[in-house]
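Residue strings, one per chain:
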Amino acid sequence: MCNLYSNMTTLEEMARLFSARPLCDSETLAPQPAVFPRNPAATIVMSETGTREVRRQNWGFLLPQVSKRTGRPIKPKAVTNARSETIRTSAFWRDSFRHRRCLVPSTAYCESKGRNPAIYHWFGISGPHRKRKPFAFAGIWQTSANDGQDIFAIATTPPNDFAVRFHHRMPLILELQDYEQWLTGTEMEAAELLKPFDPNAMFVIAKGANLRVCPEEAILTE
């Protein structure tokens, strides 16, 4: 999965769509035409009391690194995507998968193909009358030991028949009826959702050279 997506849903709309209580204001969590690694974005997290909350978290689990030249610690690497094949077994992911799953609201995601220039393809999920609709990635989260901030990663799967034309991975997109199972289900119940999304519900919103910000409206479909 390319490390770029958008979420043009307002905070008020997210609170309604996901039946969640906002923990921030609309100025600190405004619509985002492009979300990049390490940047803050909206997530839907279960509180300790069992209610859904809209939170602001940074994208990417932090992996400690050391300099190959000096052996000293350097800036941690932000690991943004967790493979469905290893999310349950890898020591880097498994505790969050078992105990801290979240939804990551989105309105489109992007993959690039080629170079000089790269062609950016933005993908959406089709609602009634082929209109783009908000959706959610399956995510996991934790509190960073590095700086105490909450951080998240997006689960990925092998591509479906639509996405395989553009990339060898795709984000794990959840159906509306699966949100509760992902957030509150057991480890085994959540693992049942580790599969590619319906290819018939996806379409290309736009494509273009260095199109690093998603257009507000669909300009082409495939």
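In what follows, the structure referred to is the one given above.
Report follows, based on the coordinates. (Residues numbered from 1 in each chain as written. Predicted model: local features only at pLDDT ≥ 70, side-chain atom pairs only at ≥ 80, totals over all residues. Heavy atoms only, no water.)

## Overview of the overall build of the protein
Part 1: Within the protein, the regular secondary structure consists of four helices and 17 strands.
Part 2: Taking 2.2 N^0.38 as the reference for a compact globule, 222 residues should give roughly 17 Å; the C-alpha atoms of the protein span a radius of gyration of 17 Å, in line with that estimate.
Part 3: Each principal axis of the C-alpha atoms in the protein carries an extent, and together these give about 45 × 45 × 35 Å.
Part 4: Split into buried and exposed, the 222 residues of the protein put 49% on the buried side.
Part 5: Nonlocal contacts in the protein, meaning residues at least 24 apart in sequence, comprise 65% of its contacts between residues at least 6 apart.
Part 6: Summed over its atoms, the accessible surface of the protein is roughly 11,200 Å², and 50% of this surface lies on carbon and sulfur atoms.
Part 7: Charged side chains in the protein number 28 positive and 22 negative. The centres of these two groups are separated by 9 Å. (Helix = DSSP H or I, 4+ residues; strand = E, 2+ residues; numbered from the N terminus. Rg over C-alpha atoms; globule rule 2.2 N^0.38 Å. Buried < 20%, exposed > 50% of the residue type's maximum accessible area, 1.4 Å probe, protein only. Contact = heavy atoms within 4.5 Å. Areas by Shrake-Rupley, 256 points an atom, 1.4 Å probe, with all protein chains shown as cover. Lys, Arg positive; Asp, Glu negative; His and termini not counted. Charge placed at Lys NZ, Arg CZ, Asp CG, Glu CD.)

## Observations concerning the packing of aromatic side chains
Part 1: Applying the stated criterion to the full structure yields 14 aromatic pairs.
Part 2: Centroid distance Trp59 to Phe152: 6.3 Å. Interplanar angle 5 degrees. Geometry classified as stacked. Of the two residues, Trp59 is situated in strand β5 (residues 52-59) and Phe152 in strand β14 (residues 150-157); the sequence distance between them amounts to 93 residues. Across this residue pair, the class does not change: Trp59 and Phe152 are buried.
Part 3: Aromatic pair Phe61 and Trp93: ring centres 5.1 Å apart, planes at 45 degrees, arrangement tilted. Taken together, the positions of Phe61 in strand β6 (residues 61-66) and Trp93 in the loop between β8 (81-83) and α2 (94-99) put the pair 32 residues apart, joining distant regions of the chain. (Phe/Tyr/Trp six-rings, centres within 6.5 Å; stacked < 30°, edge-to-face > 60°.)

## Quick look at the nonpolar core
Part 1: Core analysis: the biggest nonpolar cluster contains 33 residues, and Leu103, Ile140 and Trp182 have the highest contact counts within it.
Part 2: Listed by contribution, the elements that provide at least two residues to this core are α1 (11-17), β4 (40-46), β6, β7 (73-79), β13 (135-143), β14, α3 (179-184) and α4 (187-191).
Part 3: Contact partners of Trp182, with chain neighbours within four places excluded, come to Phe97, Arg101, Cys102, Leu103, Ala138, Gly139, Ile140, Leu174, Ala190, Leu193 and Leu194.
Part 4: Residues Tyr5, Ala41, Tyr109 and Phe162 belong to the second largest nonpolar core, which totals 24 residues. (Core = buried A, V, L, I, M, F, W, Y, C linked by side-chain atoms within 4.5 Å.)

## Describing the pairing of strand β10 (residues 108-113)
Part 1: Pairing between strand β1 (residues 5-7) and β10: two bridges, direction antiparallel. When the bridges of β10 are listed, Ser6 appears paired with Ala108.
Part 2: Pairing of β10 with strand β11 (residues 119-126) involves five bridges; the strand directions are antiparallel. Across the sheet, the residue bridging to Lys113 is Ile119, located in β11. (Pairing = 2+ DSSP bridges.)

## Here we look at the side chain of Thr107
Part 1: Here Thr107 shows up in the loop between β9 (101-106) and β10.
Part 2: Relative accessible area serves as the criterion here: at 8%, Thr107 is assigned to the buried category.
Part 3: Among the polar contacts made by the side chain of Thr107, one reaches the main-chain amide nitrogen of Met8 at a distance of 3.1 Å.
Part 4: Excluding its chain neighbours within four sequence positions, the residues that come into contact with Thr107 are Ser6, Asn7, Met8, Thr9, Phe123, Gly124, Arg132, Pro134, Phe135 and Ile205. (Polar contact = N/O pair within 3.5 Å; in protein donor to acceptor, adjacent residues only side chain to side chain.)

## Quick look at unusual backbone geometry
Part 1: A cis amide bond, omega 5 degrees, links Asn116 with the succeeding residue Pro117.
Part 2: We note that Arg38 has phi near 75 degrees; this positive angle belongs to a residue other than glycine.
Part 3: Mapping Arg38 onto the fold places it in the loop between β3 (32-35) and β4.
Part 4: Classification of Arg38 by relative accessible area gives partly exposed; the value is 34%.

## Focus: the pattern of salt bridges
Part 1: The tally for this structure, following the rule as stated, stands at nine salt bridges.
Part 2: As a salt-bridge pair, Glu53 and Arg55 come within 2.9 Å of each other at their nearest N and O atoms.
Part 3: Judged by relative accessible area, Arg55 falls into the buried class, the value being 17%.
Part 4: Notably, a salt bridge pairs Glu85 with Arg83, separated by 4.0 Å at the nearest N-O pair.
Part 5: Judged by its relative accessible area of 42%, Glu85 falls in the partly exposed class.
Part 6: Each of Arg21, Glu53, Arg55 and Asp150 takes part in one network of salt bridges that share partners. (Salt bridge = Lys/Arg side-chain N within 4 Å of Asp/Glu carboxyl O.)

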